[in-house]
Structures are given as structure tokens and as C-alpha cells.
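Coordinate analysis (summary)
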Amino acid sequence: MSASQPNFRNSRAALSLQFPQSLGVYDQYADAQKAVDFLSDREFPVENCMIVGTELKQVERVTGRLTYNRVALGGLLSGAWLGLFVGLVLSLFDNNNTLVTIVSTLLFGAVFGLVWALIGYAATRGQRDFSSVSQIVATRYEVLVEHKLAAQGRELLAQLPGHTASQQNF
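Bear in mind the structure is a predicted one, so any value in this text is a computation, not a measurement. (Residues numbered from 1 in each chain as written. Predicted model: local features only at pLDDT ≥ 70, side-chain atom pairs only at ≥ 80, totals over all residues. Heavy atoms only, no water.)

**Examining the overall build of the protein chain**
Where we set the bar: The helix and strand labels rest on DSSP assignments: H or I over at least four residues marks a helix, E over at least two residues marks a strand, and numbering proceeds from the N terminus. Only heavy atoms enter the contact rule, under which two residues are in contact if any of them lie within 4.5 Å.
The secondary structure content of the protein chain amounts to 5 helices and 3 strands. If you list the helices and strands of the protein chain from N to C, you get α-β-α-β-α-α-β-α. Taking the contacts inside the protein chain whose residues are at least 6 apart along the sequence as the reference set, 84% of them involve residues at least 24 apart.

**Some thoughts on the confidence of the model for the protein chain**
Quick note on the threshold: Confidence scores labelled pLDDT are given residue by residue by the predictor and lie between 0 and 100.
Model confidence for the protein chain is summarised by a mean pLDDT of 86, while 88% of its residues fall at 70 or above. This model gives residues 1-9 a pLDDT under 50, and the stretch forms 2 contacts once residues within four places in sequence are excluded.

**Some remarks on the nonpolar core**
The nonpolar side chains of a soluble globular protein tend to be buried, and buried together. For clarity, the cut-off: Nine residue types can take part in a nonpolar core, namely buried Ala, Val, Leu, Ile, Met, Phe, Trp, Tyr and Cys, and a core is a set of them joined through side-chain atoms within 4.5 Å. Relative accessibility decides the category of a residue: with a 1.4 Å probe and only protein chains considered, values under 20% of the type maximum give buried, values over 50% give exposed, and everything between is partly exposed.
Membership of the largest hydrophobic core comes to 18 residues, with the highest contact counts inside it found for L23, Y26, L39, F44, V143, V145 and L157. Of all elements in the fold, only β1 (20-26), α2 (29-41), β3 (130-146) and α5 (150-157) reach the threshold of two or more residues within this core. When residues of this core are assigned to their parent elements, the largest contribution, 5 residues, is made by α2.

**Structural notes on the pairing of β3**
Inclusion rule: For two strands to be treated as a pair, DSSP must find at least two bridges joining them.
One ladder, built from 6 bridges, connects β1 with β3; its direction is antiparallel. By the bridge assignment for β3, Y26 is matched with Y141. When strand β2 (residues 49-65) meets β3, the two strands line up antiparallel, connected through 15 bridges. Across the sheet, residue K57 finds its bridge partner in β3, namely V137.

**Quick look at the packing of aromatic side chains**
As a reminder, the rule being used: The criterion for an aromatic pair is that two Phe, Tyr or Trp rings (for Trp, the six-membered ring) have centres within 6.5 Å, with stacked assigned to planes under 30 degrees apart, edge-to-face to planes over 60 apart and tilted to the rest. We call a charge positioned above a ring when the Lys NZ or Arg CZ atom is no farther than 6 Å from the ring centre and deviates by at most 35 degrees from the ring normal.
As enumerated under the stated definition, the model contains 3 aromatic pairs in all. Both rings, one in F112 and one in W116, keep their centres 6.0 Å apart while their planes meet at 10°; by these two values the pair is stacked. Residue F112 and its partner W116 are both found in helix α4 (residues 98-124); the two are separated by 4 residues, about one turn of the helix. Sitting over the face of the ring of F38, R42 holds its NZ or CZ atom 3.6 Å from the ring centroid.

**A short note on the environment of G83**
You can see G83 is positioned in helix α3 (residues 68-91). Classification of G83 by relative accessible area gives buried; the value is 5%. In this structure, the C-alpha to C-alpha distance between G83 and F112, residues 29 residues apart in sequence, is 9.1 Å.

**Overview of the sheet that holds β1**
Note the threshold: Interaxial angles span 0 to 180 degrees and are taken between N-to-C directions of axes, which are lines fitted to C-alpha atoms, for helices over the stretch in contact.
Strand order in the open sheet formed by 3 strands is β1-β3-β2, with antiparallel pairing between adjacent strands. Strands at the two margins of the open sheet, each flanked by one partner only, are β1 and β2. Taking the axes of each pair of neighbouring strands and ignoring which way they run, one obtains an average angle of 30° across the sheet. Strands β1, β2 and β3 of the sheet are contacted by α2, whose axis makes an angle of about 150° with β2. In the packing of α5 onto the sheet, the strands contacted are β1 and β3, and the crossing angle to β1 comes to about 25°.

If you want it as C-alpha cells, here you go:
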């Protein structure tokens, strides 16, 4: 295996600790990050730490109602962007009629995007008439450290301003 190829076995090992112990549990990622940064500033070997998001949940934010007009406009615009990109790439290799190449691929892309979006929306038969964005988020964040460094890490974190015992889980 060459040096430029990823070694997935080593990357998996990099995401684990042999005997992890908790230094603290935080409600906000920023607080867990602040704790690790505090340790780093005090020359603690933070390469032996992990921040683990726990109690995962999926949050979906509904952004609007879908109608045929809205779907058509979205398909038209996304197809036009794709057509414009393809037209610009093709124009690099075309010495004549650069503008014609760009405009024609833009129009073809817009029509293709429009038709494809409407077909896809019609296939749902009204079962999902809304748009949304979703994200997986953690409810809590736990800072873990290799067992042999846990006591030292806890001692240092006790000096962190605003760090309370309620944040610790041991």
C-alpha cells in the first residue's frame, strides 16, 4: 500500500481509545470543545482524547409547502445551473460560437431539469407535499480520555473557570 492511499484500519484505530474514561459530559458541543482546548493549552496530550456525541436524534425542519409551480421553478433553476456549467466546460474546447454553446446548453439543462423535477414530484402522488432539511444532532457530548491520563485530565479541568461537578460523569 502506498503512502498516498488511506489505511482504513489505522483511521478506525484513530477514532477509538483502548480503555476510555469520561472526563465530563456536556450539554453543548462548544463546552466539550472548550474543555479539550483548555487541556491543550496546559500541554495535556489531547491526542488521547475524544469528543463523542451521544443520545443522537434526527431533527427535520419543514421549510415550506411544495406545489407543482414551486417544484417546476426549482427544477428549472437547478437544470439551468447544470446546463450553464456544461456549456462553460464545452466552450473551453469550442473555438467558434462560444455564446451559442453556453446558451443552448443552459436552455437544454433548464428544460431537462424542469421535466425531471415534475416527473419526480408527480411520482410521489402528494405523499410528501413539503420541503425540509434534516440533520442528526447529539443531545450530549462526552469527553473521553485514555484511562492512564484520566486523573491528570480531571485535575486540570477542575481549574477551568465555570467547570462544575455537574458536567462531570464519574
